[in-house]
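# Coordinates in review
Read off the chains here:
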Amino acid sequence: MKIQNLNPAPDIGASAWLVELEGHRLLLDAGTHPKRDGNASLPLYGAVPGTELDAIVISHCHHDHVGSLPVAVRRFPQAHVLMSELSYFLVERVLHNSVNVMVRQREELDLPEYPLYTHDEVDEIAPRFQAFRYGREVEWAAHHKLRRGVASPTLEFLDAGHTLGSAGVMVRGRKETLFYTGDVSFADQTLLRGARFDDVDAEVLILETTRGNRAPQPRYSRAAETERLATALLRVLKRRGSVLIPTFALGRTQEVLAMLALLTREGRLRPQPIYIGGLGRVFTEIYDLQAHRTFRQHPSLQLREALQLEVLDPRQAQAMKLSPGRIFVLTAGMLTEHTAAHDLATRLFADERHAIFFVGYADPDTPGGRLKASRTGKPFFFSRAAGEVTRHCEVLDFDFTAHANRDELLDFVGAVNPRAVILGHGDPDARAWFAQAIRRRHPRIRVFQPTPGEVVEV
Ligand SMILES: [Zn+2]
Ligand SMILES: [Zn+2]
């Protein structure tokens, strides 16, 4: 089996792995790099020899896994496109949204190559998408190769518990087997239940390593963290301050809304409008509609019924009164410029009654990362649009990750006990921790860290 790493950078980057197995070729994920722009954000499709590819498989609908799917389909025109049934409900919305973002950024960032694909292109390729339930084994070899009596390799999606539709991918050839974790959460979140990777048996394992560079907090519990958020939120509202929770539209938004819905149900949070972004609303609707097909907690909790959700118009974010204590759950987890979340944050800075709560990772080089590192009353550079600012509002950081911690992943490696592990989706220090820990605990397992474009043969 040959595996080529197509991530253009040595960090978490854009997920895309080319797998060659018994004469068939498969692309696992087709992401874009969140910290790069334009063509530089694309996987190294040009490093793949030839254009023949049997199938493209999508693990889940975050941009770093699906953002360049139309570009991959253009490059490999015969490939089938396979994904989980729940991802199928999301994927077109995600791709159309990324066209909108690229069209806007074409001017803002002066990138003539944007958009990398168009709305028409998304519509044209959509009929080629195929959706499969978790736990169903499907053949993926190109039709013309299927001869009677010769078994095609198969694949199976296993629920990864990371976001709606997320999957690990089990690939089985006649002789060889591979498992790709995608992004995975073994622990239950407020809504989604943890991954169901129980019986994974594979010779080769491609492992996500996002949290390899931080040791799990021994006293961390999700329930206690949820309570800390609830207490902080109620405290801000009591002093008539407003709260901004910047999040990513798919996954984290719905988890935060679920926490608010449960607080409302318990009578601790009085019913009031919750302002969200347009894309967040679209995905929340899909979470509600697909609740019965999802492995989750509170299966009958419909977020749109439990909460008074209002889509915030970006101009409204500039004008509305903030003093009576409002709640905003807005897309742009890292407070990127030209978003309602960014503009609202700048309005909250001046008043010590207000608060901004981070519920996920923010890169240190983004406005969100700089705000997290800032101190009350001390000037700091926030963004090009806002320049240097001084904040008086409260800023708190909560850990509601949708990624497995490193000990859980290391246990998983032990349970699968593969011949080889390929480390991906992590910064160099995160991968280095895994490489060392696996070698120490499982000296017989070979560990690979292919560099951008490198092919490993296992
Ligand atoms: Zn993800
Ligand atoms: Zn990811």
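Data block above holds the structure.
Remember, predicted model here, so these are calculated numbers, not experimental data. (Residues numbered from 1 in each chain as written. Chains lettered and ligands numbered in written order. Predicted model: local features only at pLDDT ≥ 70, side-chain atom pairs only at ≥ 80, totals over all residues. Heavy atoms only, no water.)

Coordination of the zinc ion (ligand 1) by the protein comes from His-60 (NE2), His-62 (ND1), His-162 (NE2) and Asp-183 (OD), over a distance range of 2.2 to 2.4 Å. Ordering the donors of the zinc ion (ligand 1) by residue number gives the pattern H-x1-H-x99-H-x20-D. His-162 sits in the buried class, given a relative accessible area of 5%. (Donors = N, O, S within 2.8 Å, 3.2 Å for Na, K, Ca; no water. Buried < 20%, exposed > 50% of the residue type's maximum accessible area, 1.4 Å probe, protein only.)

Time to look at the sheet that holds strand β20 (residues 420-424). Ordered by their spatial adjacency, seven strands build an open sheet running β7-β8-β9-β10-β11-β20-β21, and the pairing between neighbours is mixed. Of all strands in the sheet, those with a lone pairing partner are β7 (137-139) and β21 (446-448), marking the two edges. Geometrically, the sheet is characterised by an average inter-axis angle of 20° between neighbouring strands, direction not taken into account. Note: strand β8 (residues 154-159) against strand β9 (residues 167-172), six bridges, orientation antiparallel. From the neighbouring strand, Asp-159 faces β9, where its bridge partner is Ala-167. Of the strands in this sheet, β10 (177-180), β11 (204-208) and β20 touch helix α12 (residues 406-416), which is tilted by about 175° from β11. Along the sheet face, helix α13 (residues 428-441) touches β11, β20 and β21 and points at about 165° away from the line of β20. (Pairing = 2+ DSSP bridges. Helix = DSSP H or I, 4+ residues; strand = E, 2+ residues; numbered from the N terminus. Axes fitted to C-alpha atoms, helices over the stretch in contact; angles between N-to-C directions. Contact = heavy atoms within 4.5 Å.)

This paragraph deals with α13. In an α-helix there are 3.6 residues to a turn, and that puts residues three or four apart on one side. A rise of 1.5 Å per residue sets the reference length of α13, with its 14 residues, at 20 Å; its end C-alpha atoms lie 20 Å apart and thus fit the reference within 8%. The set of residues buried in α13 consists of Ala-430, Arg-431, Phe-434, Ala-435, Ala-437 and Ile-438. As for α13, its buried residues are in contact with β11, α12, β20 and β21. (Expected span 1.5 Å × (residues − 1).)

A separate point is the coordination of the zinc ion (ligand 2). Around the zinc ion (ligand 2), the donor atoms from the protein are Asp-64 (OD), His-65 (NE2), Asp-183 (OD) and His-425 (NE2), and they sit 2.1 to 2.3 Å away. Angles of 85 to 162° at the metal separate the four donor atoms of the zinc ion (ligand 2), which places the site in the irregular class. The sequence pattern describing where the donors of the zinc ion (ligand 2) fall on their chain is D-H-x117-D-x241-H. Between the two metals, the zinc ion (ligand 2) and the zinc ion (ligand 1), the spacing is 3.4 Å, and Asp-183 donates to both. With Asp-64 in helix α1 (residues 63-66) and His-425 in the loop between β20 and α13, this pair connects stretches of sequence that are 361 residues apart. The two residues Asp-64 and His-425 agree in class, both being buried. (Tetrahedral: all angles 85-135°; square planar, octahedral: opposite > 155°, others 65-115°.)

Positionally, His-342 belongs in helix α10 (residues 340-348). A polar contact of 2.9 Å, which involves the side chain of His-342, links it to the side chain of Asp-343. Sequence-distant contacts of His-342, that is, excluding residues within four places in its chain, are made with Leu-335, Thr-336, Glu-337, Pro-367, Phe-382, Ser-383, Ala-385 and Ala-386. (Polar contact = N/O pair within 3.5 Å; in protein donor to acceptor, adjacent residues only side chain to side chain.)

This next bit is on the packing of helix α6 (residues 252-265) against helix α7 (residues 278-289). The relative placement of two packed helices is expressed as an angle between their axes plus a distance between the axes. Two elements in contact, α6 and α7, have axes separated by 9 Å at closest approach and are oriented at 70°. Classified by the angle between their axes, α6 and α7 sit roughly perpendicular to one another. In this structure, α6 contributes Thr-253, Gln-254 and Leu-257 to the contact, and α7 contributes Gly-280, Phe-283, Thr-284 and Tyr-287. The class makeup of the residues in the contact of α6 with α7 is three nonpolar, four polar and no charged. (Parallel < 35°, antiparallel > 145°, perpendicular 65-115°, else oblique. Nonpolar A, V, L, I, M, F, W, Y, C, P; charged D, E, K, R; others polar.)

Right, let's talk about the pattern of salt bridges for a bit. Tallied over the entire structure, the rule returns 22 salt bridges. For Glu-121, the salt bridge identified is with Arg-74, shortest N-O distance 2.8 Å. Of this pair, Glu-121 sits in helix α4 (residues 119-125) while Arg-74 sits in helix α2 (residues 69-75), and the two are 47 residues apart along the sequence. By relative accessible area, Arg-74 is classed as partly exposed at 45%. Its salt-bridge partner being Arg-353, residue Asp-351 comes within 2.9 Å of it at the nearest N-O pair. Judged by relative accessible area, Asp-351 falls into the partly exposed class, the value being 22%. In this structure Arg-353 comes out as partly exposed when scored by relative accessible area, which is 30%. Where salt bridges share partners, they join Glu-85, Arg-133 and Arg-293 into one cluster. (Salt bridge = Lys/Arg side-chain N within 4 Å of Asp/Glu carboxyl O.)

Quick look at the packing of helix α3 (residues 85-108) against α7 now. Where α3 contacts α7, the axes come no closer than 10 Å and their chain directions differ by 175°. By the angle between their directions, the pair α3 and α7 is classed as roughly antiparallel. Where α3 abuts α7, its residues Phe-89, Leu-90, Arg-93, Val-94 and Asn-97 lie against Leu-279, Val-282, Phe-283 and Ile-286. Residues belonging to the contact of α3 with α7 are distributed by class as follows: seven nonpolar, one polar and one charged.

To continue, consider the pairing of strand β17 (residues 380-383). Note that β17 and strand β18 (residues 387-389) share three bridges and pair antiparallel. Paired with Phe-381 across the two strands is Glu-388, which belongs to β18.

This part takes up the nonpolar core. Leu-27, Ile-56, Leu-69, Leu-260 and Phe-357 are the most contacted members of the largest nonpolar core, which totals 75 residues. Residues contacting Ile-56, with those up to four places away along its chain left out, are Leu-27, Leu-69, Ala-72, Val-73, Ala-79, His-80, Val-81 and Leu-82. Formed by 27 residues, the second largest nonpolar core is a distinct cluster that contains Leu-21, Ala-167, Val-171 and Leu-178. (Core = buried A, V, L, I, M, F, W, Y, C linked by side-chain atoms within 4.5 Å.)

On to the packing of aromatic side chains. For any pair of aromatic rings, the description rests on two quantities: the centre-to-centre distance and the angle between the ring planes. Per the stated rule, a full pass over the model turns up 14 aromatic pairs. Centroid distance Phe-197 to Phe-412: 5.6 Å. Interplanar angle 45°. Geometry classified as tilted. Placement of Phe-197 in the loop between β10 and β11 and of Phe-412 in helix α12 is noted, with a sequence separation of 215 residues between them. With 5.4 Å between their ring centres and 70° between their planes, Phe-357 and Phe-398 make a pair best called edge-to-face. Of the two residues, Phe-357 is situated in strand β16 (residues 355-358) and Phe-398 in the loop between β19 (394-397) and α12; the sequence distance between them amounts to 41 residues. (Phe/Tyr/Trp six-rings, centres within 6.5 Å; stacked < 30°, edge-to-face > 60°.)

Here six strands make up an open sheet; going across it, the order is β14-β13-β15-β12-β16-β19 and the pairing parallel. With one partner strand each, in any of the chains shown, β14 (308-311) and β19 form the two edges of the open sheet. Ignoring strand direction, the axes of neighbouring strands in this sheet form an average angle of 25°. Looking at chain direction, strand β13 (residues 273-276) and β14 are connected through four bridges and run parallel. Within β14, the residue paired with Pro-273 across the bridge is Gln-308. Across the sheet, α6 lies against β12 (243-247), β13, β14 and β15 (327-331), angled at about 165° from β15, the strand it touches most.

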